[in-house]
Amino acid sequence: MIRVENLTKYYGEHLAVDSISFNVKKGEIVGLLGPNGAGKTTTMRILTGFMMPTSGDAWVAECNMATNSLEGRRHIGYLPEAIPLYTDVTVRSYLDFAGRLRGLDPYRIKDRIDDVVEICHLEDYIDVLIGKLSRGFRQRVGVAQAIIHEPEVMILDEPTLGIDPIQVTQTRRLIKELGQEHTILISSHILPEVSMVCDRVVIIHEGQIVAEDRIENLSTILKGSQSIRLEVRGPTSAVTRRLQRVQGISQVRYEKPYHIVECPVDQDPRSNLMTAIVQSGWTLLSMGTVDMSLEDIFLQLTGEEDFDDDEELEE
Amino acid sequence: MKNTMLIALKEFKSYLTSPMAYVIACVFLVLYGSLFIWYLEDTQYSDTSINGYLDIWGNLVLMLFAAVLAMRLIAEEKKLGTWELLLTAPLRDTEVVLGKFLGSLGMLVSMLALTLYFPLLLRVFGIPDGGPILTGYLGLFLLGATSLAIGLFASSVTSNQIVAAVVAGGMLAILYFIGIAGDAIGGAAGNILSYISLYSHFSAFVTGIIDTRAIIYFLSITALFLFLTIRSIETSRWS
Ligand SMILES: Nc1ncnc2c1ncn2[C@@H]1O[C@H](COP(=O)(O)OP(=O)(O)OP(=O)(O)O)[C@@H](O)[C@H]1O
Ligand SMILES: [Mg+2]
């Protein structure tokens with residue numbers, strides 16, 4: 001459904017996308033993952049016909065987006081990075097305009113508005129001015145706009161940006177549901193998010209693809225170890241030494257006030273760690289897994305050293 | 001056509017729902033009304049015409065208001081991010097540009113229509129000559145349309161509405177005043193300046209004569225700037 005071949009985009013002298021190629025098959029949900037400035041938005045803007053590539057080709061639904069853009073755009077639902085909303089109209093009249101803009105038959109618009117309002121849980125806000133909606137609800141209106149014409153392909157640029165965790169979960173669930181009927185390309189810079197909703201990821205960095213694989217296989221591309229972060233009340237160096245002796249632990253380091261232990265992904269040494277600490281008479285204040293941050297992944301995939309490793313703690 | 005009308009209607013509606021547009025329309029009416037009255041008082045009510053707002057001041061007010069109406073057309077969409085919505089919808093750039101032009105033209109024509117009550121007053125209290133009034137309004141319509149097209153172009157080169165208004169105002173002022181300069185200079189060079197000037201072509205409409213050359217001139221400038229707007233959008237897709 002989406003085919004990108006040697007796509008390159010220069011902004012003036014600046015190379016934003018450097019000859020990337022990838023495919024998205026019908027019915028797939030693919031994540032475009034990359035840190036800030038990687039070229040995700042640029043790629044999506046070319047795919048949606050907003051911009052022309054400097055060289056290379058992009059096809060959506062068998063339409064070349066440089067030469068047959070108008071036809072291609074009919075098959076696309078697009079949520080840009082900045083949600084494209086008119087603030088001085090109601091949700092209803094906005095969706096009405098968006099539907100007509102996308103060439104939806106006028107006599108079907110009313111039904112479709114009802115449908116997308118239900119899908120995106122906007123029932124209570126249908127006659128509210130968009131300017132009065134919170135960021136999370138604006139995001140939902142943005143998604144509603146992208147699906148109103150029942151597009152075959154959906155392109156969503158960071159759909160969970162700037163919304164609270166509960167709504168993030170809802171949005172992800174929504175995307176998963178939509179993915180049953182649509183082909184979806186979604187961009188993100190959060191690895192766990194992509195791994196939750198996507199079948200496959202394409203990781204880009206500085207305009208180039210550094211990895212592309214199914215989620216299950218990604219961990220083997222990566223170093224195959226996970227980190228656990230512990231906060232222990234006890235003598236630091238003694239704790240470090242004790243933790244090192246716990247079975248399955250490959251490495252322990254101390255980053256004030258945490259001990260970070262590493263172990264292979266297929267093991268869960270948490271109960272062993274806990275027992276060791278308690279038996280030594282110390283107190284375990286907290287324990288959690290540390291997700292490998294995107295920066296760590298790039299560090300690993302690109303072998304570069306210039307990322308700072310601020311890790312993301314989950315749970 | 002359907003798409004053009006969709007955009008035109010949306011633009012026209014968004015003027016009608018914005019308080020700013022009502023302020024603009026009111027100030028416009030007050031200014032045109034004042035020009036109208038001052039002229040009648042100046043001539044001791046001997047000349048029952050609308051010449052009050054067909055002179056330079058009337059033209060400048062019209063051009064200024066057209067520039068202000070047009071400044072938001074594209075710049076605002078860029079700022080809101082809705083530009084990306086329009087340019088990724090299955091619409092030709094031409095349809096977007098024409099729609100926006102027609103929507104703003106609708107607003108400007110509505111504003112001009114409200115001033116029709118000045119000639120109506122003349123009818124009630126005197127015996128005005130209908131010909132110059134009709135051609136005068138034709139002239140105002142054409143000058144307004146041209147100014148909107150120039151304003152639309154200015155709006156397409158920036159995402160800042162104020163910048164758009166200033167750029168449009170600058171271009172309009174140059175296109176207008178080179179005519180006055182041309183008349184002052186005289187000779188071949190002066191003629192050329194007059195030939196491309198808004199000012200020189202507008203004066204034809206005040207006398208009650210329908211000057212086809214002037215009509216063609218205004219329509220050409222309008223078409224030229226609509227074309228430039230389309231090109232400017234196209235260029236932005238490639239840059
Ligand atoms: N309109 C533009 N003009 C010039 N340079 C641009 C423009 N848009 C993006 N860039 C540059 O191109 C590069 C890629 O930008 P892009 O927006 O595609 O990244 P991204 O992956 O979407 O990043 P983010 O996660 O921050 O959204 C960046 O270095 C950016 O500075
Ligand atoms: Mg981006």
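No experiment lies behind these values; they were computed from the predicted model shown.

### Topic: the overall build of chain A
A tally of regular secondary structure across chain A gives 11 helices and 15 strands. Residues counted as buried form 51% of the 315 residues belonging to chain A. A separation of at least 24 residues holds for 67% of the contacts in chain A among residues at least 6 apart in sequence. A total of about 14,400 Å² of accessible surface is found on chain A, and carbon and sulfur atoms cover 46% of it.

### Focus on the interface of chain A and chain B
Size of an interface: often given as the accessible area lost when the parts come together. Taken together, the contact between chain A and chain B spans 25 residues of the former and 20 residues of the latter. Between chain A and chain B, the buried area comes to about 2,400 Å², and carbon and sulfur atoms account for 64% of it. Here chain A is connected to chain B by 1 salt bridge. Across the pair A:R45 and B:E84 runs a salt bridge whose closest N-O atoms are separated by 3.0 Å. Taken together, the links from chain A to chain B amount to 12 residue pairs in polar contact (both at pLDDT 80 or more). Breaking the side of chain A that touches chain B down by element, the ones donating at least two residues are β1 (2-11), α2 (69-73) and α3 (91-101) of chain A. Top element by residues in the side of chain A that touches chain B is α3(A). It accounts for 4 residues. Each residue belonging to the side of chain A that touches chain B can be placed in one class, and the counts come to 15 nonpolar, 4 polar and 6 charged.

### Observations regarding the site of ligand 1
Residues and elements named next belong to chain A. Residues in close proximity to ligand 1 total 13 residues, the closest being G37, K40, T41, T42 and E81. Taking G37, its main chain carries an N or O atom lying 2.8 Å from an oxygen atom of ligand 1. Taking E81, its side chain carries an N or O atom lying 2.5 Å from an oxygen atom of ligand 1. Every element with two or more residues in the shell around ligand 1 is listed here: β2 (14-24) and α1 (40-47). Top element by residues in the shell around ligand 1 is α1. It accounts for 3 residues. Looking at the shell around ligand 1, its residues break down into 4 nonpolar, 6 polar and 3 charged.

### Here's the deal with unusual backbone geometry
Residues and elements named next belong to chain A. Put simply, K256 and P257 share a cis peptide bond, and its omega is 0 degrees. With respect to the secondary-structure elements, P257 resides in the loop between β12 (251-255) and β13 (258-264). Although it is not a glycine, E62 adopts a positive phi angle of roughly 65 degrees. Along the polypeptide, E62 turns up in the loop between β4 (55-60) and β5 (63-64).

### Examining the coordination of the magnesium ion (ligand 2)
Coordination of the magnesium ion (ligand 2) by the protein involves A:T41 (OG1) and A:E81 (OE), with metal-donor separations of 1.8 to 2.3 Å. A residue pair is termed long-range when its members are at least 10 positions apart, and A:T41 in helix α1 and A:E81 in the loop between β6 (76-79) and α3 qualify at 40 residues.

### Points about the nonpolar core
Counting residues in hydrophobic clusters, the biggest one holds 137 residues, and the most contacted among them are A:L95, A:L101, A:L185, B:Y32, B:Y53, B:L140 and B:L198. Top element by residues in this core is helix α7 (residues 130-156) of chain B. It accounts for 12 residues. Not counting residues within four places of it along the chain, the set of residues in contact with B:Y32 comprises B:Y53, B:G58, B:N59, B:V61, B:L62, B:T115, B:F118 and B:L140. One finds A:L243, A:V252, A:L273 and A:W282 within the second-largest nonpolar core, a separate group that totals 14 residues.

### Quick notes on the confidence of the model for chain A
Per-chain confidence: chain A averages 85 in pLDDT, with 89% of residues scoring 70 or above. The low-confidence segment residues 305-315 of chain A, where pLDDT is below 50, has 24 contacts with residues more than four positions distant or belonging to other chains.

### Side note on the environment of B:T94
All names here are of chain B. Mapped onto the elements of the fold, T94 is located in helix α5 (residues 93-114). Residue classification places T94 among the partly exposed residues on the basis of a relative accessible area of 35%. Distance from T94 to V206, taken between C-alpha atoms, is 33 Å for residues 112 residues apart in sequence.

### A few points about helix α11 (residues 212-238) of chain B
In this model, α11(B) (27 residues) spans 39 Å end to end at C-alpha, consistent with the 39 Å of a helix rising 1.5 Å per residue. N-capping of α11(B) is provided by B:D211, with a side-chain oxygen placed 3.0 Å from the backbone N of B:R213.

### Some words on the pairing of strand β8 (residues 183-188) of chain A
Residue and element names in this part refer to chain A. Within β8, 6 of the 6 residues are buried, which leaves it mostly tucked inside the rest of the structure. Side chains T183, L185 and S187 of β8 all project onto a buried face; the interleaved residues I184, I186 and S188 project onto the opposite face, where all are buried too. For strand β3 (residues 29-33) and β8, the ladder comprises 5 bridges, and the chain directions are parallel. Note on β8: the bridge partner recorded for L32 is S187. Relative to β8, strand β7 (residues 153-157) runs parallel, the two being bridged by 5 bridges. Looking across to β8, one finds that L156 is bridged to I186.

Conventions we followed
Residues numbered from 1 in each chain as written. Chains lettered and ligands numbered in written order. Predicted model: local features only at pLDDT ≥ 70, side-chain atom pairs only at ≥ 80, totals over all residues. Heavy atoms only, no water. Helix = DSSP H or I, 4+ residues; strand = E, 2+ residues; numbered from the N terminus. Buried < 20%, exposed > 50% of the residue type's maximum accessible area, 1.4 Å probe, protein only. Contact = heavy atoms within 4.5 Å. Areas by Shrake-Rupley, 256 points an atom, 1.4 Å probe, with all protein chains shown as cover. Buried area = accessible area lost by both parts, 1.4 Å probe. Salt bridge = Lys/Arg side-chain N within 4 Å of Asp/Glu carboxyl O. Polar contact = N/O pair within 3.5 Å; in protein donor to acceptor, adjacent residues only side chain to side chain. Nonpolar A, V, L, I, M, F, W, Y, C, P; charged D, E, K, R; others polar. Near = heavy atom within 4 Å. Donors = N, O, S within 2.8 Å, 3.2 Å for Na, K, Ca; no water. Core = buried A, V, L, I, M, F, W, Y, C linked by side-chain atoms within 4.5 Å. pLDDT = per-residue confidence, 0-100. Expected span 1.5 Å × (residues − 1). Pairing = 2+ DSSP bridges.

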